[in-house]
Amino acid sequence: VQTCALPICLDVAPLLAEAKRQLAEETDYLREAAQMRHYAALLADDPRFFVPSPVDDLTRARVLAMDFIPGRPIDELGTVAQDRRDRVTGALLDLVLRELFVFGYMQTDPNFANYRWQPESDRLVLLDFGAARPVPATTQASYRRLMAAGLAEDRLALRAALIEVGFVSPQQLQRHGARFDAMIDILIGHLGRPGLFDFADRSFVERIRTLATPIAEDRASWHLP
């Protein structure tokens, strides 16, 4: 008996085509060198960050040469005082919001290996711009509406924004609307608490997982963001 890994109604061809295009971009080091220069220009007035410069004489399509900038693994921040951790983490959160809403340009492969920390200044060295790309104005606007709805705790606007951004399909909301509403209530209740957000508090995760599991198992409603 043959079984399909994906529902017939789910068209993955556009996703695979986009993945192929992006992988080709990420192995073009002349392109990445240009992205590094562009990103460095965007952050030229921000002393919290440093972007190495490519060495043009040594860089080729298959070879990327750049300045060596000393730094420590960013996870070593876990050993320093809370105020320093807060300052550096705040800089990272500020950076992603500027990427999305100010620059219209984002490094879309954020992982710990792409950030180095300089303990003497708490400055962050940013690496790996192969996946950097522009953010379309329509995407910026959709995320702006999503964030505004969340901050206002407007549940109906948040529902609409989730569809507009593409995280959720109308079919999913039709089939699992009550579960999505319950998850929205949990997240708004957790994020809307007064004071600073406590990233160590994971008490909501299991409740969200319990609600989300039947949605994930409903193959007929699977959706590509």
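Further up the page is the structure itself.
Residues numbered from 1 in each chain as written. Predicted model: local features only at pLDDT ≥ 70, side-chain atom pairs only at ≥ 80, totals over all residues. Heavy atoms only, no water.

Overview of the packing of helix H6 (residues 170-191) against helix H7 (residues 205-217)
Rule in force here: For helices, the axis comes from a line fit to the C-alpha atoms of the stretch in contact; other axes are also lines fit to C-alpha atoms, and the angle between any two N-to-C directions lies between 0 and 180 degrees. Secondary structure follows DSSP: runs of H or I at least 4 residues long count as helices, runs of E at least 2 residues long count as strands, and numbering of each begins at the N terminus. Any angle that is under 35 degrees is reported as roughly parallel, and any over 145 degrees as roughly antiparallel; angles of 65 to 115 degrees are reported as roughly perpendicular and all others as oblique. A contact between two residues is defined here by any heavy atoms of the two lying within 4.5 Å. Polar here means any residue other than Ala, Val, Leu, Ile, Met, Phe, Trp, Tyr, Cys and Pro, which are nonpolar, and Asp, Glu, Lys and Arg, which are charged; Gly is therefore polar.
In the contact formed by H6 and H7, the axes pass within 10 Å of each other and the chain directions differ by 170°. In terms of orientation, H6 lies roughly antiparallel with respect to H7. Between H6 and H7, the contacting residues are Gln172, His176, Arg179, Phe180, Ala182, Met183, Ile186 and Leu187 on the first element and Arg207, Ile208, Thr210, Leu211, Ala212, Pro214 and Ile215 on the second. Its residues assigned to classes, the contact of H6 with H7 comprises 10 nonpolar, 3 polar and 2 charged.

A few points about helix H5 (residues 155-165)
We apply this condition: With a 1.4 Å probe rolled over the protein chains alone, any residue whose accessible area is under 20% of its type maximum counts as buried; one over 50% counts as exposed, and the rest are partly exposed. The arc in question is the one spanned by the directions pointing from the helix axis to the C-beta atoms. Here a polar contact means two N or O atoms within 3.5 Å. Within protein one must be a hydrogen donor candidate and the other an acceptor candidate, and residues neighboring in sequence count only if both atoms are side-chain atoms.
Burial in H5 covers these residues: Leu158, Ala161, Leu162 and Val165. All buried residues of H5 fall inside an arc of 105° around its axis, so they share one side. Elements in contact with the buried residues of H5: helix H4 (137-152) and H6. For H5, the capping residue at the N-terminal end is Asp154, with a side-chain oxygen 3.3 Å from the backbone nitrogen of Leu156. After H5 finishes, the residue Gly166 shows a positive phi value of roughly 105°.

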